[in-house]
Amino acid sequence: LRDLTSTVAGLTRPVPRGPNGREDMRVWAVKSTALACENMMLAAKAKGFDSCPMEGNDPLVVGDIVGLKRSKWKRTWDIPMVISFGYASDRGVWGAQWRRERSKVVREI
């Protein structure tokens with residue numbers, strides 16, 4: 001019914017079309033969390049910290065570290081990423097950096 005209602009209403013104006021259902025809510029939550037992580041990393045940089053987002057972690061092991069119950073994994077919690085914070089080493093291994101010309105990626109209107 002919700003899909004039908006939003007389809008009909010969407011013929012005349014923009015309407016929210018999701019999230020619909022538990023899995024859509026999970027995807028929405030992971031995306032929102034990733035955006036919040038980005039803001040946290042930018043704020044940390046503004047305060048002089050460096051950070052590194054990481055995925056591919058074992059959610060059960062990370063869950064144990066932060067005190068989440070294994071029995072509720074995938075039903076009530078998930079871990080989209082782990083972020084390390086600290087100070088970059090002056091002796092780090094750095095590759096050459098390059099940037100595209102601004103005029104090739106920005107179009108002012």
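Further up the page is the structure itself.
Residues numbered from 1 in each chain as written. Predicted model: local features only at pLDDT ≥ 70, side-chain atom pairs only at ≥ 80, totals over all residues. Heavy atoms only, no water.

### Things to note about the overall build of the chain
Quick reminder of the rule: Strands here mean DSSP runs of E at least two residues long; helices mean DSSP runs of H or I at least four residues long; both are numbered from the N terminus. Using C-alpha atoms as the atom set, the radius of gyration is obtained and then compared with a globule rule of 2.2 Å times the number of residues to the power 0.38. Each residue is assigned to one of three classes by its accessible area relative to the maximum for its type, calculated with a 1.4 Å probe on protein chains only: buried under 20%, partly exposed between the two thresholds, exposed over 50%. By definition in these notes, contact holds between two residues if any of their heavy atoms fall within 4.5 Å.
Along the chain, the regular secondary structure elements total four helices and two strands. In terms of overall size, the chain is more extended than a compact globule, its C-alpha atoms giving a radius of gyration of 21 Å where 109 residues would be expected to give roughly 13 Å. Taken across its 109 residues, the chain has 11% of its residues classed as buried. Once local pairs closer than 6 in sequence are excluded, the contacts in the chain between residues at least 24 apart make up 56%.

### Observations regarding a positive patch on the surface
Our working definition: Only residues whose relative accessible area exceeds 30% and that form no salt bridge are eligible for patches; like-charged ones are grouped when within 9 Å, while nonpolar side chains (Val, Leu, Ile, Met, Phe, Trp, Tyr) are grouped when within 5 Å. All accessible areas in this document rest on Shrake-Rupley with a 1.4 Å probe, and a residue is counted as covered only by the protein chains that are shown. Any carboxyl oxygen of Asp or Glu that lies within 4 Å of a side-chain nitrogen of Lys or Arg is treated as forming a salt bridge with it. In summary, the charge assignment counts Lys and Arg as positive and Asp and Glu as negative, without counting His or the chain termini. In plain terms, the charge of a residue is placed at NZ if it is Lys, CZ if Arg, CG if Asp and CD if Glu.
A cluster of like positive charges, contributed by Arg22, Lys69, Lys72 and Arg75, occupies part of the molecular surface. Residue placement: Arg22 occurs in helix H2 (residues 22-46). Classification of Arg22 by relative accessible area gives exposed; the value is 63%.

### Considerations on H2
The condition that has to hold: Take the residue count of a helix, subtract one, and multiply by 1.5 Å to get its expected span.
Between the first and last C-alpha of H2 there are 36 Å, a value that for 25 residues agrees with the 36 Å anticipated at 1.5 Å per step. For H2, the full list of buried residues reads Cys37, Met41 and Ala44. Its buried side turned inward, H2 meets strand S1 (50-54) and strand S2 (82-86). Directly beyond the C-terminal end of H2, a positive phi value near 100 degrees is found at Gly48.

### Some details on the state of the cysteines
Here is the rule we go by: The definition used for a disulfide is geometric: two cysteine sulfur atoms within 2.5 Å.
Applying the stated criterion to the full structure yields zero disulfides. Considering cysteine sulfurs only, Cys52 is the nearest to Cys37, which forms no disulfide, with 12 Å between them.

### Details of the environment of Gly10
With respect to the secondary-structure elements, Gly10 resides in the loop between helix H1 (2-9) and H2. Setting aside residues no more than four positions away along its own chain, Gly10 makes contact with Val15 and Arg17.

### Observations regarding unusual backbone geometry
With a phi close to 75 degrees, Lys74 is a non-glycine residue in the positive phi region. Within the fold, Lys74 resides in the loop between helix H3 (59-66) and S2.

### What about the pattern of salt bridges?
Taken as a whole and assessed by the stated rule, the structure comprises six salt bridges. Where Arg26 meets Asp78, a salt bridge forms, and the shortest distance between an N and an O atom there is 2.4 Å. Of this pair, Arg26 sits in helix H2 while Asp78 is found in the loop between H3 and S2, placing the two residues 52 residues apart along the sequence. A relative accessible area of 29% means that Arg26 is categorised as partly exposed. In this structure, a network of salt bridges that share partners links the residues Glu23, Arg26, Lys74 and Asp78.

### A word on the environment of Met54
Relative to the assigned elements, Met54 resides in strand S1. You can call Met54 partly exposed: its relative accessible area is 35%. Other than its neighbours up to four places away in sequence, Met54 contacts Met81, Val82, Ile83 and Ser84.

Geometry only, nothing functional implied.
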